[in-house]
Amino acid sequence: MDNPILRPALNSVRMTYDLAQKPEYQDLMTAVSPYTEERVNRFTHIHQSASDLVKKVKMQRLLGQQTASCFQRCVGMDAMNAVFSTTYEIDQKYGTSYHQSFLTFLKMVESQDLTVDGAMTDPKGDRSKAPHQQEDPDLFLRVVERRPDGIVVRGTKMHQTGILNSHEVIVMPTISMGPEDKDYAVCFAVPMNTKGIYMIVGRQSCDTRKLEGSELDMGNAEFGGVESVTVFDDVFVPNDRIFLNGETEFAGMVVERFAGYHRQSYGGCKVGVGDVLIGAAALAADYNGCAKASHIKDKLIEMIHLNETLYCCGIACSAEGYPTASGGYIIDLLLANVCKQNVTRFPYEIVRLAEDIAGVLVVTAPSEADFRDSELGPVIEKYLKAAPGVTVENRLRVLRLIENLCLGTAAVGYRTESMHGVGSPQAQRIMIARQGGLEHKKELAKAIAYIKG
């Protein structure tokens with residue numbers, strides 16, 4: 001856990017525990033479980049009201065502000081809420097006991113305050129083919145053996161942020177499925193130390209700076225994220241940990257609900273990180289001596305406008321939340337998809353403006369080793385001096401933070417992940433088309449224009 005490549009990601013998860021201990025954050029970071037009547041971490045909570053959904057987004061913004069990184073527990077929280085309501089409806093139709101099994105799992109997670117990851121994205125192979133049509137059947141995670149006491153699964157889940165810091169993982173299908181894909185319609189939870197699970201850690205931009213012992217060059221020395229390819233190599237899952245097993249018509253439901261919850265999440269976490277980036281850009285303008293320039297002020301206003309628009313979407317889809325048949329609350333799915341569609345665009349513009357304000361030194365600054373060097377240090381001090389009263393070191397620190405957020409390890413959890421997290425932009429557009437109520441809008445126009453028939 002002290003590996004310098006991995007440690008910053010663990011520190012980010014730690015903040016979800018640390019802030020929950022602070023009285024001033026209790027209302028955001030914790031909730032009272034309706035199943036145990038004990039106060040629990042909100043990351044383990046099943047939403048009971050629209051207010052819970054709003055508090056979730058506010059909590060995520062707070063953590064983004066505190067870490068300027070991905071804090072890794074959102075996927076598991078969103079998976080738990082999606083699986084909670086879906087298992088209830090499966091049981092209603094088939095008389096299964098998935099929901100009770102999930103409740104038992106949930107109570108354990110709540111009582112021990114476990115970090116849970118959610119695993120949805122499969123490699124997918126040839127995207128034009130269904131799971132059962134793939135040349136290699138393992139390109140979507142599947143059941144390879146059914147036993148009296150459980151199942152054996154094989155496959156891989158991709159882009160798993162923070163999974164190596166998780167105690168448990170909830171595995172879900174990745175797409176809607178037909179009857180031929182029965183073996184792929186599977187949802188379950190297992191501990192991360194289960195035999196047969198292993199992780200291949202992903203490479204990040206600027207990641208080896210963590211090995212150099214240079215706090216300044218890292219930009220964000222304490223916090224970060226880490227992703228992995230997670231392989232399930234014939235992993236056994238006991239019956240009491242199975243929440244979907246062949247009921248293909250419910251695969252789409254759990255995918256849609258998880259995606260909705262997680263697209264809501266981006267209206268909180270990305271906004272919190274955006275707050276830090278906007279602050280860093282404003283500091284860079286101060287340090288460069290150009291904060292009073294009208295075009296700089298206008299760019300900062302635009303960054304704030306874009307960031308707060310994302311927050312508006314996160315709050316709106318939460319405030320419009322409603323109860324599912326299980327009693328757990330879900331967001332307005334249309335507005336959640338609109339939220340994420342904006343996230344695929346606005347952070348890129350925020351990054352562009354931050355780089356514009358900061359100047360090219362954000363990618364050409366000398367290293368900390370050169371800055372500390374007895375011969376080169378005075379030269380750097382002489383020529384990188386800018387606004388009066390601002391040290392060169394502080395100027396370099398804020399530039400490295402901007403670099404980290406826009407281009408470095410944090411960009412994985414901010415800029416690029418804003419595009420592809422919880423599905424590509426087209427995935428949200430499909431959902432917007434499906435839920436946009438176009439026929440209803442036509443009827444409204446007909447009524448106003450006195451069109452009959």
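Definitions and cut-offs
- Residues numbered from 1 in each chain as written.
- Predicted model: local features only at pLDDT ≥ 70, side-chain atom pairs only at ≥ 80, totals over all residues.
- Heavy atoms only, no water.
- Domains from an automatic or database assignment.
- Contact = heavy atoms within 4.5 Å.
- Buried area = accessible area lost by both parts, 1.4 Å probe.
- Salt bridge = Lys/Arg side-chain N within 4 Å of Asp/Glu carboxyl O.
- Polar contact = N/O pair within 3.5 Å; in protein donor to acceptor, adjacent residues only side chain to side chain.
- Helix = DSSP H or I, 4+ residues; strand = E, 2+ residues; numbered from the N terminus.
- Core = buried A, V, L, I, M, F, W, Y, C linked by side-chain atoms within 4.5 Å.
- Buried < 20%, exposed > 50% of the residue type's maximum accessible area, 1.4 Å probe, protein only.
- 1 Å grid on protein atoms, 1.4 Å probe; cavity = no way out; pocket = protein on both sides within 12 Å on 5 of 7 lines; lining within 4 Å.
- Points joined across faces, edges and corners; volume = space filled by probe spheres on them.
- Nonpolar A, V, L, I, M, F, W, Y, C, P; charged D, E, K, R; others polar.
- UniProt positions renumbered as here; feature names shortened; annotations may be inferred.

Chemist: Run through the domain arrangement of the protein chain, naming residues and quoting values.
Modeler: By the assigned domains, the protein chain splits into domain 1 (6-248) and domain 2 (255-446). Taken together, the contact between domain 1 and domain 2 spans 47 residues of the former and 48 residues of the latter. Roughly 3,800 Å² is buried in total at the junction of domain 1 and domain 2, and carbon and sulfur atoms are behind 63% of that figure. Contact with domain 2 buries area across many residues of domain 1, yet Val57, Arg61 and Leu216 alone supply 19% of it, more than any other trio. Taken together, the links from domain 1 to domain 2 amount to six salt bridges. Between Glu403 and Arg209 there is a salt bridge, with the nearest N and O atoms lying 2.8 Å from each other. Applying the counting criterion to the domain 1 and domain 2 interface returns 23 residue pairs in polar contact (both at pLDDT 80 or more). Elements supplying a minimum of two residues to the side of domain 1 that touches domain 2: helix H3 (50-67), helix H4 (74-94) and helix H6 (215-218).

Chemist: An account of the nonpolar core is needed here, citing residue identities and associated values.
Modeler: If you look at the biggest cluster of nonpolar residues, it comprises 105 residues, and the most contacted ones within it are Phe102, Ile170, Met172, Phe188, Phe232, Leu277 and Met303. With 17 residues, the top contributor of residues to this core is helix H7 (residues 251-288). If sequence neighbours within four positions are ignored, Met303 has contacts with Leu277, Ile278, Ala281, Ile350, Leu353, Ala354 and Ile357. Within the second largest apolar cluster, 13 residues are counted, among which are Met29, Phe43, Phe71 and Phe223.

Chemist: Explain empty space enclosed by the protein residue by residue, including any values.
Modeler: The tally for this structure, following the rule as stated, stands at four cavities of 30 Å³ or more. One number sums up the size of the largest cavity: a volume of about 110 Å³. Every residue lining the largest cavity is counted, 14 residues in all, and those nearest its centre are Cys206, Lys210, Met218, Asn404 and Thr409. Contributing elements (two or more residues each) for the lining of the largest cavity: H6 and helix H14 (392-406). Taken together, the residues of the lining of the largest cavity sort by class into four nonpolar, five polar and five charged. Taken domain by domain, the makeup of the lining of the largest cavity includes at least three residues from each of domain 1 (6-248) and domain 2 (255-446).

Chemist: How would you summarise the UniProt feature "domain: HpaB/PvcC/4-BUDH C-terminal" (unreviewed entry) in the protein chain if you had to cite specific residues and measurements?
Modeler: In this numbering, the UniProt entry assigns the feature "domain: HpaB/PvcC/4-BUDH C-terminal" (unreviewed entry) to residues 251-449. Taken end to end, residues 251-449 comprises 75% helix and 2% strand; its first and last C-alpha atoms sit 42 Å apart.

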